[in-house]
Amino acid sequence: MALLVYALCTPAAVTVLSRVVSSPVYRRATTGRPRVMATIIISVMVGTILIRGGYRAAVVPAIGSDPLDLPVEETLDFLPFFLLGVLLYLDRRRLLPAFQRPAPILLAVAGVLLLAATRGWVGGLASSTGVVLSRTLFTVAITVNLFAVASRLVPGPRPAVRYLSDASYTVYLFHYFWIYVIATLLSFDPSLRWPQMLLVTTLTFGVTFALHHFVILRSPFLRKIFNGKFPAGARSEGRHGDRRPAAARAVGSPTATAAGSESERTQPLRWLPPADHLDPERTQQLRWIL
């Protein structure tokens, strides 16, 4: 449900954040890594406060303790991080280098604050808002360090990593369903101990990976629906051939040389998809849905 909501919000999110990224204020606020991290942290935490405040003021009185309360609340809680992902995509050339460097001090400080909030060591942090903000800061710190580790372990496209990346969509979409199915089939009660939970988790990964490999991966239609995979070049060439400029068509061509027209040399660098043998299909670009 959360992913469906985020997919529907993507066009609006891209439109709004594209304008933010191009604004002079944003450019000045994200010059240098300290400013980048400060801007990201403040933006996510302010977004969390506004979304939770709006939820409690407008949504809770309307639905109360309705069963829909939990999925709605969780969808809104994760929304700032979804928007952060869109921002990292739109301004990846400026933000990702700063986001892919380790931040051990930030992680340590955020961990101490979260521990103080959950244990009630500091009165202000022990409130529900304090716990949420501490958890938000810790999540940003964890994300930054995971990006840093990933950028070192996987410096470029690799077939195995791309396969796991594509399979992650299937695992994400179907794991919740299969956790309950497997736990029910094994007659586990809701209060699972860690050995039982480990077994359920392992079996869930196995089933969802098998679903991806033997069902979704073998169907072009299912790859489009569940993985967002479309034939490479289908949008750019169409029925009338490749309409890109000659300079763009020459990129990656064996006959392309370092020399070229001034327009080619001054073009800003753009993300190039991996070679065909690594990615015969491309994930649909955000600009296509605007």
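Everything discussed here concerns the structure shown above.
Every chain begins its residue count from 1, and numbering advances along the sequence as written. Residue-level local features of this predicted model are given only where pLDDT is at least 70; pairs of side-chain atoms are given and counted only at 80 or more, and the full residue set underlies all totals for whole chains, interfaces and linings. Based on all heavy atoms of the structure, the side-chain values leave hydrogens and waters out of the count.

Chemist: How would you summarise the overall build of the protein chain if you had to cite specific residues and measurements?
Modeler: Segments assigned H or I by DSSP are reported as helices when at least four residues long, segments assigned E as strands when at least two residues long, and all are numbered from the N terminus. In terms of regular secondary structure, the protein chain is built from 13 helices and two strands. Note on exposure labels: buried denotes an accessible area under 20% of the residue type's maximum, exposed denotes more than 50%, and partly exposed covers the range between, all computed with a 1.4 Å probe on protein chains only. Within the span of the protein chain, comprising 290 residues, buried residues form 25% of the whole. In this analysis, two residues are considered to be in contact whenever any of their non-hydrogen atoms come within 4.5 Å of each other. Summarising the internal contacts of the protein chain: among those between residues at least 6 apart in sequence, 71% fall at separations of at least 24. When the accessible area of the protein chain is evaluated, it comes to approximately 18,700 Å², of which 68% is carbon and sulfur surface. Accessibility throughout is a Shrake-Rupley quantity obtained with a 1.4 Å probe, and a residue counts as covered only by protein chains that appear here.

Chemist: Tell me about the environment of A117, and please be specific about residues and values.
Modeler: Summarising the element assignment, A117 is placed in helix 6 (residues 104–119). When the C-alpha atoms of A117 and V132 are compared, they prove to be 9.0 Å apart, with 15 residues separating the residues in sequence.

Chemist: Explain helix 6 to me, and be specific about the residues and the numbers.
Modeler: Taking 1.5 Å of rise per residue, 16 residues should cover 22 Å, and helix 6 covers 22 Å from first to last C-alpha, within 8% of that figure. Within the span of helix 6, buried status applies to L106, A110, L114, A116 and A117. Around the axis of helix 6, the buried residues are gathered within 160 degrees of arc, so they sit on the same side. Opposite the packed face of helix 6, turned more than 90 degrees from it, sit the exposed residues P104, I105, V112 and R119. In the stretch just after helix 6, G120 is the one whose phi turns positive, near 75 degrees. Multiplying 1.5 Å by the residue count of a helix minus one yields the expected span of that helix. Working note: the arc is built from the helix axis to C-beta atom directions.

Chemist: Can you tell me about a nonpolar patch on the surface, naming the residues and giving the values?
Modeler: Patch membership is restricted to residues that have no salt bridge and whose relative accessible area is over 30%. Joining uses 9 Å for like charges and 5 Å for the nonpolar side chains Val, Leu, Ile, Met, Phe, Trp and Tyr. By salt bridge we mean one thing: a side-chain nitrogen of Lys or Arg within 4 Å of a carboxyl oxygen of Asp or Glu. Together, L3, Y169, Y172 and L173 line one region of the surface with nonpolar side chains, adding up to about 360 Å² of accessible area. Examining the composition of the nonpolar patch, we find that three residues originate from one element, helix 8 (residues 159–185), more than from any other. Here L173 is to be found in helix 8. Judged by its relative accessible area of 35%, L173 is partly exposed.

As far as function goes, none of this settles anything; it's purely spatial.
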